[in-house]
Amino acid sequence: MHNTTALLIELGAVILALGIIGRLAGRIGLSPIPLYLLAGLAFGHGGLIPLDASEDFTAVGAEIGVILLLLLLGLEYSASELVSSLKTQYPSGIVDFLLNAVPGAVAALILGWGPVGAVALAGVTWISSSGVIAKVMTDLGRLGNRETPVILGVLVMEDLAMAVYLPLLTAMLAGVGLAGGSVTLLISLGTVGLVLYAALRHGRLISRAVSSDNPEMLLLVVLGLTVLVAGIAQQLQVSAAVGAFLVGIALSGEVAEGAHKLLAPLRDLFAAVFFVFFGLSTNPADIPPVLLPALLLAIVTTLTKIGTGWYAARRAGIGPRGRLRAGGTLVARGEFSIVIAGLAVATEPRIGPIATAYVLILVIIGPLAARWTEPLVTRAQGRRKRPAAGPPTLEDMIAAESTGSAGTNGSVGSNGSTGTAGSAGSAGAAGSTGSATQTSRS
């Protein structure tokens, strides 16, 4: 009874705090994600107010938050749009890997972590946070923008690449031979292929089976199906987020619209819990010693992610502003990076603190970059194109005087042919010119 009471009190306090933080973020025009993370640091181990009774519940809620974020992101697009995006975006996926995985691998080798540490840190710096980015795009109202399918194409390729990367990393960490690693990899690829096939070929049948005029039944069926598929995907070494996203892709039409309306409030609640839990799992005392290398790595990979978004959006024929928005949106790292670091920490303990600091930096910078990259670069380019006007030089004043004199002489010649009135007009003009010249000289 005591544990239940403490759980209710802690959860109530956390959710109330999140509501207040969200309202504050809305008033200052920012995404609430960075504030949620800082709240998690304050409530976590080593923070100001540790939470003990609700820690397990919060962990489960965080998993559900990621699943719902990716489910509702998948509901925005059909299976055919997904396949089209993958066909057109695979060069961008290759550029994304080269630009963002290589800095992590190089940093690990410089730090002396060896090949396994290099592969692990490469994954940490490579993969953007689908959960954070989905939340940011929703908060900024950009789901209908032209660059959004490009962003989703890059994210989906990263998520699907995890079906290859995670089994390989797990085999390297465990010292498993080539045969054992190959079996794990084949299982994960087969699972992804099966779900994609079902979404493409039988999406309408799935939507028809899930459809219901009763909102309660629709909510229960869609949520239950999503969590079930996500759990099976996780069990088969495939990301739960990928499974949830593919369920969203499989649903279409009125079912997708109805499910989106019903699940959006749940997504917002559990997504906030996810970001708080991310902060809860971090001890603030572990961050300062590794802050400098993590910050340098974050700066480099912020620029490389912006370059990735620029390249991908340019290939899709999107203008410079949309390219900058795409690049800034892709900056955030999050759930996948923490999963990768958690897998590697037993073999290379030094990766834990630096990965945590790195992700915390970019999960805070990410929403800011998504909002401000395009307007700041556009403003800077505008200032470069408009040189500041300095005070007039002596040459400028002499040229102006010469122009004025020429205009006066022409006036005299023209008006002189009309008689006395013309002469008077000329004199007036000459007088005006002389006064103007005298004024400018003074």
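Above this text you will find the structure in question.
A few points on the structure.

Conventions used here
Residues numbered from 1 in each chain as written. Predicted model: local features only at pLDDT ≥ 70, side-chain atom pairs only at ≥ 80, totals over all residues. Heavy atoms only, no water. Phe/Tyr/Trp six-rings, centres within 6.5 Å; stacked < 30°, edge-to-face > 60°. Helix = DSSP H or I, 4+ residues; strand = E, 2+ residues; numbered from the N terminus. Buried < 20%, exposed > 50% of the residue type's maximum accessible area, 1.4 Å probe, protein only. Contact = heavy atoms within 4.5 Å. Core = buried A, V, L, I, M, F, W, Y, C linked by side-chain atoms within 4.5 Å. Salt bridge = Lys/Arg side-chain N within 4 Å of Asp/Glu carboxyl O. Axes fitted to C-alpha atoms, helices over the stretch in contact; angles between N-to-C directions. Parallel < 35°, antiparallel > 145°, perpendicular 65-115°, else oblique. Left-handed = near helix turned anticlockwise from the far one by under 90°. Nonpolar A, V, L, I, M, F, W, Y, C, P; charged D, E, K, R; others polar. 1 Å grid on protein atoms, 1.4 Å probe; cavity = no way out; pocket = protein on both sides within 12 Å on 5 of 7 lines; lining within 4 Å. Points joined across faces, edges and corners; volume = space filled by probe spheres on them.

**A short note on the packing of aromatic side chains**
And then number 1: Following the criterion strictly, the structure yields two aromatic pairs and no others.
And then number 2: Between the aromatic rings of Phe97 and Trp126, the centroid separation amounts to 5.0 Å while the plane-to-plane angle is 75°, which identifies the pairing as edge-to-face. Taken together, the residues Phe97 in helix H4 (residues 79-110) and Trp126 in helix H5 (residues 114-126) connect sequence positions 29 residues apart.
And then number 3: Taking 6.1 Å as the distance between ring centres and 90° as the angle between the ring planes, the aromatic pair formed by Trp126 and Tyr165 counts as edge-to-face. In this pair, Trp126 is assigned in helix H5 and Tyr165 in helix H7 (residues 148-174), connecting sequence segments 39 residues apart.
And then number 4: Residue classification places Trp126 among the buried residues on the basis of a relative accessible area of 9%.
And then number 5: Owing to a relative accessible area of 11%, Tyr165 belongs among the buried residues under this scheme.
And then number 6: Each member of the aromatic cluster is reached from another via a ring pair, and the members are Phe97, Trp126 and Tyr165.

**Notes on the side chain of Ser337**
And then number 1: The topology assignment puts Ser337 in helix H15 (residues 335-344).
And then number 2: The exposure class assigned to Ser337 is buried, which follows from its relative accessible area of 0%.
And then number 3: In this structure Ser337 touches Val124, Ile127 and Val359, once residues within four positions along its chain are discounted.

**A few points about the nonpolar core**
And then number 1: By size, the foremost hydrophobic cluster in this structure holds 95 residues, and its most contacted members are Leu70, Leu121, Met162, Phe275 and Tyr358.
And then number 2: Contact partners of Met162, with chain neighbours within four places excluded, come to Trp126, Ile127, Pro167, Phe336 and Ile340.
And then number 3: If you look at the next biggest cluster of nonpolar residues, it comprises 15 residues, including Leu71, Ala256, Leu263 and Ala264.

**Considering the pattern of salt bridges**
And then number 1: Applying the stated criterion across every chain yields a total of eight salt bridges.
And then number 2: Residues Lys305 and Asp96 are paired through a salt bridge, measuring 2.8 Å at the closest nitrogen-oxygen approach. With a gap of 209 residues between them, Lys305 in helix H13 (residues 291-315) and Asp96 in helix H4 connect regions that are remote in the sequence.
And then number 3: Given a relative accessible area of 1%, Asp96 falls into the buried group.
And then number 4: Put simply, Asp139 and Lys135 hold a salt bridge, and the shortest N to O gap is 3.6 Å. Placement of both Asp139 and Lys135 in helix H6 (residues 130-139) is noted, with a separation of four residues, approximately one turn of the helix.
And then number 5: The exposure class assigned to Lys135 is buried, which follows from its relative accessible area of 9%.

**Some points on the side chain of Thr308**
And then number 1: As for its placement among the helices and strands, Thr308 is situated in helix H13.
And then number 2: With residues near it in sequence (within four places) discarded, Thr308 still touches Ser92, Val95, Asp96, Leu99, Asn100 and Leu330.

**Points about the packing of H5 against H15**
And then number 1: Packing of H5 against H15 brings their axes to within 8 Å, and their N-to-C directions diverge by 165°. What the angle tells us is that H5 and H15 run roughly antiparallel. Handedness of the crossing formed by H5 with H15: left-handed. Across the interface between the two elements, Ala120, Gly123 and Val124 from H5 touch Ser337, Ile340, Ala341 and Ala344 from H15.
And then number 2: Here the contact of H5 with H15 is composed, by residue class, of five nonpolar, two polar and no charged.

**Overview of empty space enclosed by the protein**
And then number 1: Counted under the stated rule, the structure contains four cavities of 30 Å³ or more.
And then number 2: The computed volume of the largest cavity comes to approximately 60 Å³.
And then number 3: Lining the largest cavity, in full, are Leu69, Leu72, Leu73, Glu76, Ala134, Lys135, Thr138, Leu143, His260 and Arg267.
And then number 4: Counting residues per element, the ones that place at least two in the lining of the largest cavity are helix H3 (55-75), H6 and helix H12 (253-280).
And then number 5: Among the residues making up the lining of the largest cavity, the classes are represented as five nonpolar, two polar and three charged.

**A word on the layout of surface pockets**
And then number 1: Size it by volume and the largest pocket reaches roughly 820 Å³.
And then number 2: Lining the largest pocket are 32 residues, and of these Glu63, Glu335, Phe336, Ile338 and Val339 lie nearest its centre.
And then number 3: Elements with a minimum of two residues in the lining of the largest pocket: H3, H7, helix H11 (240-250), H12, H15 and helix H16 (351-385).
And then number 4: Among the elements that take part in the lining of the largest pocket, H15 stands out by supplying seven residues, more than any other.
And then number 5: In terms of residue class, the lining of the largest pocket is built from 19 nonpolar, 10 polar and three charged.

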